[in-house]
Amino acid sequence: MSTNRIVLGDNQFGKAENHLVKVTKHGSRHSIEDLTVVSQLHGDFAAAYYDGDNAHVVPTDTQKNTVFAFAQAGVGSPEDFLLRLGQHFVDDFDWVTGGRWAARQVTWDRIEVDGVAHDHSFFRGGSGGETRTAVVKIVGDQQHVIAGLEDLSVLKTTESGFVGYPVDQYTTLAETTDRILATSVTGRWLYNTTDIDFNATYESVKRIMLEVFTNHYSRALQETQYLMGKAVLEAHPEIDEIKFSMPNLHHFAVDLSYCGLENDNEVFWAAHSPYGLIEGTLRREDLGDTDKIWKGVPAFA
């Protein structure tokens, strides 16, 4: 039987949108790391909610300052940076039992002048324009790392089709065995260890995704998504699970017959909305329940 008593449920607090730019100088040659960091703490904060007692409330401003202070010693991979940051709060404040720390990292590439990469001038880069993401969760003595990427734009002009789907009175889509396949990949993967080279693994996972997207005839974006995730898990035993969210960015061949012109899949209307949205999870068959680890990670229900 329910009662009228009101009690505190899950809660966390911290500082969001800490935009950190770290310049590392090797003489006249500089490099840039650009991350937006979130810090949120879990622990014994009930007195703050019930009584307005701030004795256990680590100020969000302190959390912000800690992010920037830790960057002075170097960032490295976003996963390693978040692990160091999170463990600091758990180790230094007895009542902090864990938390969630997240980062979104963008890439800056060197501008070339007369064919030579410049020492200290950059442009917003990335092979697919993607943003790298990382989430670290600490629960007691357990550390969980979810890495990922967003906005990895990919497109192939052929080797894709869509046939054999149900047809009813509302269906107008024509079957095709030759179409543009385009999407913007959001992918996140759950590691089963923290003892790895996160930067090297990230580059490998991205390369596998791009290669698999390219090297098969796609009968559906669902099939392509499955093959991408399967290849990542087969190549990386340190990853247990991978989640995808991929819009089907439709390109429709324009009918130019009205002006006497042929169009052999050369001129397309790129529709921005509405779009199909394909989401799926690939995981190892014997993997247990991971819902609590994924809770609070954006873009996945």
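Refer to the structure presented above.
Residues numbered from 1 in each chain as written. Predicted model: local features only at pLDDT ≥ 70, side-chain atom pairs only at ≥ 80, totals over all residues. Heavy atoms only, no water.

Section: the side chain of His144
Condition: Helix numbering and strand numbering both begin at the N terminus, where a helix is a DSSP run of H or I of at least 4 residues and a strand a DSSP run of E of at least 2. Under the scheme applied here, a residue whose accessible area is under 20% of the maximum for its type counts as buried, over 50% as exposed, and between as partly exposed, the area being computed with a 1.4 Å probe on protein chains only. The criterion used for residue contact is that any of the two residues' heavy atoms lie within 4.5 Å.
Among the structural elements, His144 can be located in strand β7 (residues 142-156). Owing to a relative accessible area of 18%, His144 belongs among the buried residues under this scheme. Residues in contact with His144, not counting those within four places in the same chain, are Val135, Val136, Lys137 and Ile293.

As for the environment of Val163
Relative to the elements of secondary structure, Val163 occurs in the loop between β7 and β8 (181-191). The exposure class of Val163 is partly exposed, given its relative accessible area of 46%. The spacing of Val163 and Gly229 is 66 residues in sequence and 23 Å in space, taken between C-alpha atoms. Not counting residues within four places of it along the chain, the set of residues in contact with Val163 comprises Glu175, Thr176 and Thr177.

Looking at the sheet that holds β8
For clarity, the threshold we go by: Strand pairing requires that DSSP identify at least two bridges connecting the strands. To obtain an axis, a line is fitted to C-alpha atoms, over the contacting stretch when the element is a helix, and the angle between two such axes runs from 0 to 180 degrees between their N-to-C directions.
Spatially, β1-β2-β3-β6-β7-β8-β9-β12 is the arrangement adopted by the eight strands of the open sheet, whose pairing is antiparallel. With one partner strand each, in any of the chains shown, β1 (13-26) and β12 (276-283) form the two edges of the open sheet. The sheet shows a mean angle of 15° between the axes of neighbouring strands, taken without regard to direction. As paired elements, strand β3 (residues 96-106) and strand β6 (residues 131-139) share eight bridges and run antiparallel to each other. Pairing of Ala103 across the sheet is with Ala134, part of β6. Of the strands in this sheet, β1 and β2 (29-43) are in contact with helix α2 (residues 60-71), which crosses β1 at around 20°. In the packing of helix α4 (residues 198-214) onto the sheet, the strands contacted are β6, β7, β8 and β9 (239-248), and the crossing angle to β7 comes to about 35°.

Re the nonpolar core
Rules: Working definition of a nonpolar core: buried Ala, Val, Leu, Ile, Met, Phe, Trp, Tyr and Cys residues. They are joined through side-chain atoms within 4.5 Å.
Core analysis: the largest hydrophobic core is formed by 50 residues, its most contacted members being Trp101, Val185, Trp189 and Met209. Per element, the largest residue contribution to this core is seven residues, and it comes from α4. If you look at the next biggest cluster of nonpolar residues, it comprises eight residues, including Ala102, Val135, Leu190 and Ile293.

Some points on the environment of Arg110
We count it as follows: Here a polar contact is taken to be a pair of N or O atoms separated by no more than 3.5 Å, where protein atoms must pair a possible hydrogen donor with a possible acceptor and residues adjacent in sequence count only if both atoms sit in side chains.
The residue Arg110 is located in strand β4 (residues 108-113) in this model. Sequence spacing of Arg110 and His120 is 10 residues, and the spatial spacing of their C-alpha atoms is 7.5 Å. Leave out the neighbours within four places in its chain, and Arg110 touches Arg29, His30, Ser31, Ala117, His118, Asp119, His120, Ser121, Phe122 and Phe123. Looking at Arg110, its side chain comes within polar contact range of the main-chain oxygen of His30, at 2.6 Å.

Some remarks on the packing of aromatic side chains
For clarity, the cut-off: Centre distance within 6.5 Å is the pairing criterion for rings of Phe, Tyr and Trp, where only the six-membered ring of Trp is used; planes under 30 degrees apart are then read as stacked, over 60 as edge-to-face, and the remainder as tilted.
Applying the stated criterion to the full structure yields eight aromatic pairs. Between Phe89 and Phe93, the ring centres sit 6.3 Å apart and the planes meet at 20°, which makes this aromatic pair stacked. Take Phe89 and Phe93: they sit in the same class, and that class is buried. Where Phe162 meets Tyr165, the ring centres are 4.7 Å apart and the plane angle is 20°; that geometry is what we call stacked. Classification of Phe162 as partly exposed rests on a relative accessible area of 28%.

Read these as geometric descriptors, not functional statements.
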